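Letter by letter, the chains look like this.
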Amino acid sequence: MITTNISDTNQLIEELQNNIYGEVKFDELTRLLYSTDASIYQMTPIGVVIPKNTDDVSATIEIAHKNSVPILPRGGGTSLAGQTVGNAIVIDFSKYMREMIEINTDEKWVRTQPGIVLDELNRQIKKYNLMFTPDPSTSNRGNVGGAIGNNSCGAHSIIWGKTSDNIIDIQAILSNGEHAKFGPISEKEFNDISMEESLEGKIYETLRSVTNDHRAEIVDRYPNIQRRVGGYNLDHLASNESLNMAEFLVGSEGTLIAVTEAKLKLVDIPKYKGLSVLHFNDLIESMEATVDILDLNPAAIEHIGNSIITQTRQNLSYSRISNFIDGNPNSLLVVEFIGDTEKEVADQLAKLQSRAKQRKLGYSTLSVTSPEEQSKVWAVRKAGLGLLMSKPGDSKPLPFVEDTAVSPEKLPQFIQRFDQIVKDNKTEADYYGHASVGCLHIRPLVNLKTDTGIQQMKDISDAICDLVIEFGGSLSGEHGDGLVRSHLNEKVFGSTIYDAFRKVKNAFDPKGLMNPGKIVDSSPMEKNLRIDPNYSTQTIPTGFSYSREGGFAKALEMCNGQGACRKLDGTMCPSYMATRDEEHSTRGRATALRSAISGDLPLESLTSSR
């Protein structure tokens, strides 16, 4: 059961209710609903604030600072590394602060609030023939604020980069509740601010000192690849290019600031697109083909692994749109080309078709040119996580080493070594992801309900960390550090840079209240797990047998928290679309039910009115 200091909490609630216009929710159920995300972790927040405007955010953080209470900014709660759970006041931007504020079509930028969903933003600006390019698989429920906090990328980062490459400036609230703006800045402006007697001045002074003292170490230790989102972006400060403080702050996971507005770069929507789907009998063969295809300048090369292919064919919805799969491949590569004319795209597809035939890249190559058919291919690719997690049983494909990244030319050998580590630990893994930039999502099957499974996870994590360092890669190429990787940051970056991270964190957040335990000074990865060897459930009578899933409790455990039920189109989940309340999402209901049968809520709450 959840316990808090009632006296102190009531005082905190009263102060928040008296100073903000939004919602203040500290009830037991709401706190449990926000205790999980798409990761393997669960941490019950102190309470939840749902702000209606920037002043609400500032007041909440100021009150928390005064009372030394941690703060956790959150959007859609789709984090795979555990960034969006913690013992803190969760600030949920997704319900009210989700507006597009301003767009400049001539200069190609848009200003938004952090709670706007990525796909919703692109729907609103499509009429201007413009788009915001980061396109993670969660784009139909993930928020702009989450993309900034996580430095999200997606399938097309090979041509458009990460969120940090697509940001202009940020309006933010500092850890003491003060407002600040971060964006392009001259060296003189930087130095002038660093001389000020304020929290912002201290921040700039520390950043200048850290960069000057450790420039050589930063250049040496940061991997020279596109997909590196772990740690803090000190490499942005250490480069000789023009300085943009917003680029530095992207990917800081809510540990330094809370974003309230963002000015984002836009690009023209491609006029024409075409796909080639290459079929392979072997995983490594598909990785080798990726290297062979890159010099054709594709807009994306996405890998779909054997498990996803199998689950696609077994899933009622996705089996209907999987007619692009020829035979029984082990792996697929989805290669996209874009162009200004149909002929330009057709020529690229033909060139790949010819190369595949000449160099025997796979056993079949299918060209897909109609937008409708292309959307089916992308739907299967984006459904990868959900399809994998629909496997019944206690062993699940878990996200703890799932987004390592290396230079693409190293990918075949890296994947061979990675797969051997998994096999040496007596399990197997599922593979899919962004082959074009050397970032595959690899999920070993592990049963966290056993001590053996916990040790298996730790052993694989340590071995993969060593492998990433050996290959000059990044431990996190997309999903950030959170609770699952932060403990390895000192090993990855070295003690000098890790100490610099701590100085940066302390400068922005002297009290250590902004999403603590992420990036620096984290707990061991096996702490705060949603399901562990101590997890148990009560058996309750149900009208349905749930025999295929292994019972009612295991059916609930199949909700992995990725939040696909929070999407804003289609037929699910209509109650969430109407209210934008987490409790009305399918994820929220699954969390509530799991909480009741596992003892976090009284079992009688299953039949209560609330």
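Structure shown above.
Residues numbered from 1 in each chain as written. Predicted model: local features only at pLDDT ≥ 70, side-chain atom pairs only at ≥ 80, totals over all residues. Heavy atoms only, no water.

(A) Main features of the pairing of strand 5 (residues 100-104). Looking at chain direction, strand 5 and strand 6 (residues 109-112) are connected through 4 bridges and run antiparallel. Within strand 6, the residue paired with Asn104 across the bridge is Trp109. Counted between consecutive antiparallel strands, the loop separating strand 5 from strand 6 contains 4 residues, among which Lys108 sits at a positive phi close to 60 degrees. (Pairing = 2+ DSSP bridges. Helix = DSSP H or I, 4+ residues; strand = E, 2+ residues; numbered from the N terminus.)

(B) How the structure looks around the pattern of salt bridges. This model, assessed by the stated rule, comprises 32 salt bridges. Glu15 is the partner of Lys66 in a salt bridge, and the nearest nitrogen-oxygen pair spans 2.2 Å. Of this pair, Lys66 sits in helix 3 (residues 54-66) while Glu15 sits in helix 1 (residues 6-19), placing them 51 residues apart in sequence. Among the residues examined, Lys66 registers a relative accessible area of 54% and is labelled exposed. When the shortest N-O distance is used, the salt bridge between Glu470 and Arg417 registers 2.8 Å. Pair noted here: Glu470 is in helix 18 (residues 451-470) and Arg417 is in helix 17 (residues 411-424), with a separation of 53 residues, a long-range link. What emerges from the salt-bridge pattern is a single network uniting Glu23, Lys25, Lys95 and Asp581. (Salt bridge = Lys/Arg side-chain N within 4 Å of Asp/Glu carboxyl O. Buried < 20%, exposed > 50% of the residue type's maximum accessible area, 1.4 Å probe, protein only.)

(C) Just the sheet that holds strand 8 (residues 167-173), in detail. Within the open sheet, the 5 strands sit side by side as 5-6-12-8-9. Their pairing is antiparallel. Looking at which strands have only one partner, the edges of the open sheet turn out to be strand 5 and strand 9 (179-182). For this sheet the average axis-to-axis angle between neighbouring strands, irrespective of direction, equals 15 degrees. Two strands pair when backbone bridges link them, and strand 6 and strand 12 (residues 258-265) are joined in this way by 4 bridges, in the antiparallel orientation. Of the residues in strand 12, the one forming a bridge with Arg111 is Lys263. (Axes fitted to C-alpha atoms, helices over the stretch in contact; angles between N-to-C directions.)

(D) Up close: the environment of Ser407. Position of Ser407 among the secondary structure elements: in the loop between strand 18 (396-397) and helix 17. Of the residues examined, Ser407 reaches a relative accessible area of 14% and is grouped as buried. Expressed as a C-alpha distance, the spacing of Ser407 and His179, which sit 228 residues apart in the sequence, is 39 Å.

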